[in-house]
Amino acid sequence: MSEQSTDLRESVRRRYAAAAVQVTEGGTACCGPGPVEVDENFGSTLYAADDRAELPAGAVAASLGCGNPTAVADLNEGERVLDLGSGGGVDVLLSARRVGPSGKAYGLDMTEEMLALALANAATAGATNVEFLKGTIEAIPLPAATIDVVISNCVINLSTDKPSVFAETFRVLKAGGRIGVSDVVADDTLTPEQRAERGDYVGCIAGALSFAEYREGLEVAGFTDISITPTHAVADGMHSAIVRAVKPVKPVKPVKPSPRPPRPPTAPAVE
């Protein structure tokens, strides 16, 4: 990983650690360059009132995402689910209820403070079929072919190495496994520079792939049955979208990535 990418990851980690501390101390947090009010584009308002009512207050307050992946992942009893960038644990706890005691929900996060908050929320909820792991979404600490469904809520967008995220997601999924992800996606007409103008990395916007880039990244990793459906705008030309894809039962011929000149990541604006 380049020094600039390492700096970006550390900036994201610090900001989300601060959000976890804020929630622990009784505040609320949302995806952004600093503590902000939750609005209709990000946070717990994107979940149904019934779901919010079933969750610990700390999990709801720490909701940082741009969608509700558990509403579209079509989880079934007995399945094993992995949430990439699980934060305060809201999607893990919702998933755990859907897969039932015979299933299991894993949460993966790189931030100690968020992991501590998630564990506290799981204890408050009395969830016994959950496990939280420390690590990065570019190197998932789980064996290959052990997960039925991978979900994520506005986190893949933050990665500076999305090909590794897609490859690792493909690796841990069982044959026939699937993803149901909420993420920020850019119009194909926007350049990386224009995306950067709309927000920094820790603001969940600058690192967004375009619709075409996202599809190609999943295809290169080996996914099929890909759909990317925008749900609402989060900035000019930037959308919250639901991303679905399947790991085929039988291997398919790999797709070669389109040749592109390297694009260095945009440095975040950290106060």
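## Considering the confidence of the model for the protein chain
For the protein chain, per-residue confidence averages 78 on the pLDDT scale, and 67% of positions sit at 70 or higher. Scored below 50 in pLDDT, residues 56–63 makes 27 contacts in the model with residues more than four places away or belonging to other chains. Of the regions scoring below 50 in pLDDT, residues 266–271 engages in 15 contacts with residues more than four places distant in sequence or in other chains.

## Re the packing of aromatic side chains
Tallying each qualifying case throughout the model produces 2 aromatic pairs. When the centroid spacing of 5.4 Å and the interplanar angle of 50° are considered together, the rings of F166 and Y214 count as tilted. Within this pair, whereas F166 is found in helix 6 (residues 162–172), its partner Y214 is found in helix 8 (residues 211–221), the two being separated by 48 residues in sequence. Here the two residues F166 and Y214 agree in accessibility, since each one is buried.

## Comments concerning the pairing of strand 2 (residues 104–109)
Summarising burial for strand 2: 5 of the 6 residues are buried, a large majority. Across 5 bridges, strand 1 (residues 80–84) lies against strand 2 in parallel orientation. Within strand 2, the residue paired with D83 across the bridge is G107. Tracing the backbone out of strand 1, into helix 4 (residues 90–99) and back to the parallel element strand 2 gives a crossover that is right-handed. Relative to strand 3 (residues 130–134), strand 2 is paired through 5 bridges, and the arrangement is parallel. Within the sheet, the bridge partner assigned to G107 lies in strand 3 and is F132. Remark: the strand 2/helix 5 (residues 112–125)/strand 3 crossover connection has right-handed handedness.

## Remarks on the pairing of strand 8 (residues 238–246)
Taken across its 9 residues, strand 8 has 7 buried, putting it largely inside the fold. Judged from the 9 bridges that link them, strand 5 (residues 173–186) and strand 8 form a sheet pairing that is antiparallel. Each bridged residue has a counterpart across the sheet, and for V185 the counterpart in strand 8 is H239. Linking two consecutive strands that pair antiparallel, namely strand 7 (residues 224–235) and strand 8, is a turn of 2 residues; a positive phi of about 80° is found at G237 within it.

## A few points about the nonpolar core
One finds L82, I179, Y214, L218 and F223 to be the most contacted residues of the largest nonpolar core, which totals 31 residues. Counting residues per element, the ones that place at least two in this core are strand 1, strand 2, strand 4 (147–153), helix 6, strand 5, helix 8, strand 7 and strand 8. Among all residues touching F223, those that are not within four sequence positions of it are F166, T169, F170, L173, I179, L218, A245, V246 and K247. Listed in part, the 9 residues of the second largest apolar core include L93, A96, A105 and L115.

## Focus on the environment of L119
When you line up the elements, L119 lands in helix 5. Taking C-alpha positions, L119 is 7.9 Å from G89, a pair spaced 30 residues apart along the chain.

## Focus on the environment of G176
By secondary structure assignment, the location of G176 is in strand 5. G176 gets classed as partly exposed once you look at its relative accessible area, which sits at 37%. C-alpha separation for the pair G176 and V149, spaced 27 residues apart in sequence, amounts to 9.5 Å.

Rules used in this analysis
Residues numbered from 1 in each chain as written. Predicted model: local features only at pLDDT ≥ 70, side-chain atom pairs only at ≥ 80, totals over all residues. Heavy atoms only, no water. pLDDT = per-residue confidence, 0-100. Contact = heavy atoms within 4.5 Å. Phe/Tyr/Trp six-rings, centres within 6.5 Å; stacked < 30°, edge-to-face > 60°. Helix = DSSP H or I, 4+ residues; strand = E, 2+ residues; numbered from the N terminus. Buried < 20%, exposed > 50% of the residue type's maximum accessible area, 1.4 Å probe, protein only. Pairing = 2+ DSSP bridges. Right-handed = clockwise from strand over helix to strand, strands pointing away. Core = buried A, V, L, I, M, F, W, Y, C linked by side-chain atoms within 4.5 Å.

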